[in-house]
Amino acid sequence: MIPSIDIAPLFHGAPAIRAAVDGAILRAAGETGFMTVTGLPGSALAPTTRRRLLAIFSLPEAQKRAMSRRSFVAGNANIYRGWFPLQDGHPTYKEGIDLGPDLVRPVRHDPGDPLTEPTPLPSEADLSGWRETAAAYYRNMEAAGAVLMRALARGLGLGETAFDSAFENGISTLRFIRYPVRDVAALDPALRIGDGYMLGAPHVDSGFVTLLAQDGVAGLEVEDRSGNWIGVPPTEGTLVVNFGKLLERWTGGRVRATRHRVVGSGAERFSIPFFYEPAVDAVIAPLGLGQSFASVTYGDHLWEATTKFIEQRGIAHLRKPRAAQ
Ligand SMILES: O=C(O)CCC(=O)C(=O)O
Ligand SMILES: [Fe+2]
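Residues numbered from 1 in each chain as written. Chains lettered and ligands numbered in written order. Predicted model: local features only at pLDDT ≥ 70, side-chain atom pairs only at ≥ 80, totals over all residues. Heavy atoms only, no water.

The name recorded for the chain in an unreviewed UniProt entry is 2-oxoglutarate-dependent ethylene/succinate-forming enzyme, from Dongia sedimenti. Quoted verbatim from the Pathway (unreviewed entry) heading of the UniProt record, the comment on the chain is "Alkene biosynthesis; ethylene biosynthesis via 2-oxoglutarate." UniProt lists a comment for the chain under the heading Sequence similarities (unreviewed entry), and it reads "Belongs to the iron/ascorbate-dependent oxidoreductase family." (UniProt positions renumbered as here; feature names shortened; annotations may be inferred.)

Right, dumping it as C-alpha cells:
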C-alpha cells in the first residue's frame, strides 16, 4: 500500500499536529519511498488548472519544434530546457517539455552552463494565459517542496531550516508529459507487460523530491521490496510524492529513492512531475546521518544523472563539471 497523508497542517497547523504529519512523512519516506498527499493550498490540483496546463500539447508541431532542444532540432539554441519529442524503439515512449525557474524569477544565464539556460516558452498569442497558469503552478509546487523538506528535516532531528539554503535559487524542473498509445502488435515483446505495455522504463529519480500530478489515467507503478509492481491510482486532489537518489544519499538512507515505471493500457496518458531541486552550485555534503559520502555540487550530480535518460541523451559533453572549471 502507498500511504496517503494530509499535509495541510504543514502549511498552517499547530506544532503538535505538524509533528504527527512529520512522523508520517518520514515513515513513508523510509519504508515505501512513495506517498500520496492531499491538503495542498490553492487550486494547483484542480482539474481546470490541469486542463489549462496540458493545453500545451495542442500546439502545432512547428511550435513544438521551435521549442525543441538542439539535440532534436539542429540550430535551436537550447540544450537542456524545452521540448523533447517522441522517440520510438525505446522502453520509454513520451514527449513533453521541461521548464525551469526563469518561469517565475530572473535567472542569470551562465553561457558555460546549460542548467541555467532560459526556457523556451509558447507565446502569449499562441496560448493565452498559459505562462501565468504555469508560473502559478511552479510557485505552488516550490512551496510544497519546501514544506516537505522542512518536515523531513524536523523528522530527522535536524534544524527545520537545515535544507533551506541549498534550495535558494533552486533550479527545479516543471515537466509536462504525454504518453501516446503504443501499437502493441508492432512492439518488441520484451516491452509488453500483461495486457499492457511499457511507457516509462523503470528508474529512480535522481534528485530530491518529486511532486507528480496524474491526470485520471492509471499507469504509474512502484516497485516494492519483494520486486512486485504496485499501481498508484490517479485520485483527484492528490499529488504523488517520491524521493530521489541524492536525497537518499544525503539522509544516509533514511529516505528511500524507490524504483518506479509507467505502464500503458490503451489510453493516452498525461502527467505533470515537478522535480524540486537545489541551486546549481549547492554543495551536498554529509549531514552526519548514516554512511558518509564525497560532497558533490548539485549541478555536477544532476548533469551526470540526467544525461543518461533518453530525453536528455547525447548532450553530456556540453557541460563541464564545476569542479573541473
Ligand atoms: O508519468 C508518470 O506517472 C511518472 C513520471 C516519472 O516517473 C518521471 O518523470 O520521473
Ligand atoms: Fe520518475
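Past the structure itself, the notes keep going.
Chemist: Looking at this structure, I do not really get unusual backbone geometry. What am I missing?
Modeler: With the exception of glycine, the majority of residues adopt a negative phi angle, and the majority of peptide bonds are in the trans configuration. For Asn169, which is not glycine, the phi torsion reads 55° and is therefore positive. Here Asn169 shows up in the loop between α6 (164-167) and β5 (173-179). Judged by relative accessible area, which is 59%, Asn169 ranks as exposed. (Helix = DSSP H or I, 4+ residues; strand = E, 2+ residues; numbered from the N terminus. Buried < 20%, exposed > 50% of the residue type's maximum accessible area, 1.4 Å probe, protein only.)

Chemist: Looking at this structure, I do not really get the layout of surface pockets. What am I missing?
Modeler: Unfilled space is identified by rolling a water-sized probe across the atoms. One number sums up the size of the largest pocket: a volume of about 670 Å³. Along the wall of the largest pocket there are 43 residues; nearest its centre are Arg175, His203, Phe275, Phe309 and Glu311. For the lining of the largest pocket, the secondary structure elements donating two or more residues are β5, β7 (196-203), β8 (209-214), β12 (260-264), β13 (269-276) and α8 (298-306). A class-by-class count of the residues in the lining of the largest pocket yields 20 nonpolar, 13 polar and 10 charged. Approximately 270 Å³ is the volume found for the second largest pocket. Taken together, 15 residues line the second largest pocket, and the ones lying closest to its centre are Val107, Arg108, Thr116, Asn169 and Val280. Grouping the constituent residues of the lining of the second largest pocket by class yields six nonpolar, three polar and six charged. (1 Å grid on protein atoms, 1.4 Å probe; cavity = no way out; pocket = protein on both sides within 12 Å on 5 of 7 lines; lining within 4 Å. Points joined across faces, edges and corners; volume = space filled by probe spheres on them. Nonpolar A, V, L, I, M, F, W, Y, C, P; charged D, E, K, R; others polar.)

Chemist: Just to check I follow, could you spell out the UniProt feature "domain: Fe2OG dioxygenase" (unreviewed entry) in the chain for this structure?
Modeler: The UniProt record marks residues 170-278 with the feature "domain: Fe2OG dioxygenase" (unreviewed entry), using the residue numbering of this structure. Measuring from the first to the last C-alpha atom of residues 170-278 gives 4 Å, for a span that is 6% helix and 44% strand.

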